[in-house]
Amino acid sequence: MSIEKNFDIPFIAALALREKQIQQNYRPIIAVHKWFARRPGTLFRGLILSEFSSSPLREAFYSANNLSGIAIADPFMGGGTPLIEANRLGCDVLGYDINPMAWWIVNREIEHLDLARYRQSATGLMTALENEAGSFYRTRCLKCGSGEAHVKYFLWVKEQTCHQCGNEFDLFPGYLLAEDKRHPENIFICPACGDLNGVRDRKNPGRCDSCDRPLTLGGPARRNKCACPRCGAINTYPTPTAGPPRHRMFAIEYHCRHCKPTHQGRFFKKPEDSDLAAYAGASARLRQTTARFVPDDDIPPGDETTRLLRWGYRRYSEMFNNRQLLGLELSGRLIAAEQDDRVKNALVTNLSDLLRYQNMLCRYDTMALKSLDIFSVHGFPVGLVQCESNLLGIANGGGVSVGSGGWSNILEKYLKAKTYCDFPFETRIEGSRKVQVPIAGEWIGDRNNGKPGEKQRAVRLHCGSATLAELPPASLDGVFTDPPYFGNVQYAELMDFCYAWVRRLVGEGIPELASHTTRNRDELTGNVTMERGLDHFAEGLSQVFRNMTKALKPGRPLAFTYHHNRLEAYLPIAMAILDAGLACTVALPCPAEMGASIHISGTGSSVVDTVFVCRSTGAISRRTLARTTEDLAGLIAEDLEKLREGNLKPTPGDIRCLSHGHLIRIAIWNLRPNWDGNLPAREKLGRLTRHLASLPQVAEIEAVIATGSPEPLRLAVNEASATYGTKSEYLHF
């Protein structure tokens, strides 16, 4: 059996496409903690089963499998998707990641957790927090007058002090608080008195119901400039020498359980004196509390963090308001008292994940009417209007919370994630219905539901660079991974935001968490601040591929996902494959991103990855070694046909990335016989560049495809077994 023969592109494409739309519904395990750009679990399940199962993929996918004795490695484990899928199938797994937060998260995902004990501790945590801080998240309902309505979100606007007259004023970029998509009407903030007004016509909002001043859509703050409303002086922002930004609470969205059954839409209000007093009370309580778990780490310069420094932030603790800091400190104290190590580690992970909603960089989505977490665009966006979520959350029964960003939300998701480990399932589409199919007999963990006497699976996770991995020869049956891209998001810079709290909570007794930062000079990404260039990235990737290839049994796969808008970004992976003495036997397409994701929406980026399957020995279909533009266009037309069978509508970006994948695969085959891996990286990258220039060009391939003229060339994938391996159809290496 092999991936080249058995991988079913339309089947996996359809599954992966659905999974990426609502990934937590298909793979609840990802809710353990935020990680970035997770590839579909369905893809790696499909790849592993295609290689090691003796049953057809569509049959094996919905059946319980036991691949005991098969060893799988991932040298760039990140959020852990390939290892989780391999572990669930019964494989022994080995993972490496230089980022300690990745190491921490994958440990929590895979290790068995006593759910009854965890649920008991989580309930105790919520009860204690309610007693200690619940009053800080209550407000008066404007409809029934009850003072026990739950705040969903506090909305804050940044303030500026006029350099001319000393007046303090708001930096509103606009005055629309809520659109009429999920609320009966638009909600406008009055620029004069601050009252909230319901408006039917957004283009003609009229006048304020309270002060009769005109309402307006646009605000005065734009392009880092704002005129002082008192003296008219133009002020610029940010002003880093003034310290962290100041904020003023200007609106509240709340939830009244008594009124909700008869109320249309959401509940909004301008803060009352009691709301401001509640925040002042939290601030006073914080001043009286000696912080034990609030980190005092400085924010170092970086490709992402320099934006924070420009806004005057100097410490991570300054990215939170006083009420948030108090709630997080109280949470840390309750977690520290937990006696069960695994439960404590789970709760530490919960608090770390909670941080992305409990900070003053979260924004309010005026259409969806919810908080956007700090990592929603894979960076540190600093807006002018910020959203503070209820720390406790608003539990609504049945495992569902009102609003987002609170403890109840995080705990509910974690319980579902770890329950999925014990009782995994797949989702089958039957007509218009989604049907959950329990896969009894599979499980995720180092042991099965904690059953005594049950054989434990080998789970070896290393916090370190796979460039230094020394593994016994022929000890691995497969390597499946999603390697970094050269221009990758600076995950380490982002994860330091969480890591500073995790280190405080778990102490310094864990060697893997000894570093004060997740940043590492040897990380395989480009980084201007740390002076990491393309040569560093290519050499490191090459060393990892060499190490993994030495440990692979002959002919076993090293398979990985990759896509990029630029062909030159593929040069390092081609160099790494060639240096390792591998050939790329097939390049498979599979959806990997969601087109609506905030960080890529509207950018023209591809949502399709190429899966490169590489081996040290084996066979490759002659028909895939296209030489002409027309033949290459035919290969890509075949890919597009299979993706469409899987209900994907390919974009020009997808066609471009598929072209890149095939060109790189063919270049590797052509250069392999005379490749010298001992040459300097720059020379090897130059040789690849020159060779690619001699192959058909992407623009030419796209032009042929655009005419609709290429005839699809049938790939080796899913070909009849009668022709598989024959001399006429295959080249052996």
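Residues numbered from 1 in each chain as written. Predicted model: local features only at pLDDT ≥ 70, side-chain atom pairs only at ≥ 80, totals over all residues. Heavy atoms only, no water.

A.B. asks: Would you explain the overall build of the chain in this entry?
C.D. replies: Secondary structure summary: the chain contains 20 helices and 26 strands in total. The C-alpha radius of gyration computed for the chain amounts to 28 Å, which stays within 12% of the reference 27 Å derived for 733 residues, consistent with globular compactness. With respect to the three principal axes, the spread of C-alpha positions in the chain is 85 × 60 × 50 Å. Evaluated residue by residue, the chain yields a buried proportion of 60% over its 733 residues. At a minimum sequence separation of 6, the contacts of the chain that also span at least 24 residues come to 72%. (Helix = DSSP H or I, 4+ residues; strand = E, 2+ residues; numbered from the N terminus. Rg over C-alpha atoms; globule rule 2.2 N^0.38 Å. Buried < 20%, exposed > 50% of the residue type's maximum accessible area, 1.4 Å probe, protein only. Contact = heavy atoms within 4.5 Å.)

A.B. asks: I would appreciate a short explanation of unusual backbone geometry in the present structure.
C.D. replies: It is generally the case that most residues other than glycine have a negative phi and that most peptide bonds are trans. With an omega dihedral of -5°, the bond running from Tyr237 to Pro238 counts as a cis peptide bond. When you line up the elements, Pro238 lands in the loop between β10 (234-236) and β11 (246-255). Phi at His378 is positive, roughly 55°, even though this residue is not glycine. Relative to the assigned elements, His378 resides in the loop between β14 (370-372) and β15 (385-389). Phi at Asn647 is positive, roughly 75°, even though this residue is not glycine. Along the chain, Asn647 turns up in the loop between α17 (629-645) and α18 (652-671).

A.B. asks: How should I be thinking about the state of the cysteines in this particular structure?
C.D. replies: In a disulfide, the sulfur atoms of two cysteines are covalently bonded to one another. Tallied over the full model, the rule gives zero disulfides. Unpaired in terms of disulfides, Cys228 finds its nearest cysteine sulfur in Cys165, a separation of 3.7 Å. A residue is classified by how much of its surface remains accessible, and Cys228, at 3% relative accessible area, is buried. Counting only cysteine sulfurs, Cys162 is the nearest neighbor of Cys231, a cysteine outside any disulfide, at a range of 3.6 Å. Of the residues examined, Cys231 reaches a relative accessible area of 37% and is grouped as partly exposed. (Disulfide = S-S within 2.5 Å.)

A.B. asks: Looking at this structure, how should I read the nonpolar core?
C.D. replies: Generally speaking, a soluble globular protein has its nonpolar side chains buried in company with each other. Ranked by internal contacts, the top residues of the largest apolar core, which has 135 residues, are Met319, Trp407 and Phe497. The leading source of residues in this core is helix α14 (residues 491-506), at 11 residues. When residues of this core are assigned to domains, at least three map to each of domain 1 (3-112 + 445-724) and domain 2 (116-173 + 219-416). Leaving out residues up to four positions away in the same chain, Phe497 has contacts with Tyr316, Met319, Phe320, Leu355, Arg356, Asn359, Ile374, Phe375 and Phe380. Residues Ala71, Ala574, Leu635 and Ile668 belong to the second largest nonpolar core, which totals 69 residues. (Core = buried A, V, L, I, M, F, W, Y, C linked by side-chain atoms within 4.5 Å. Domains from an automatic or database assignment.)

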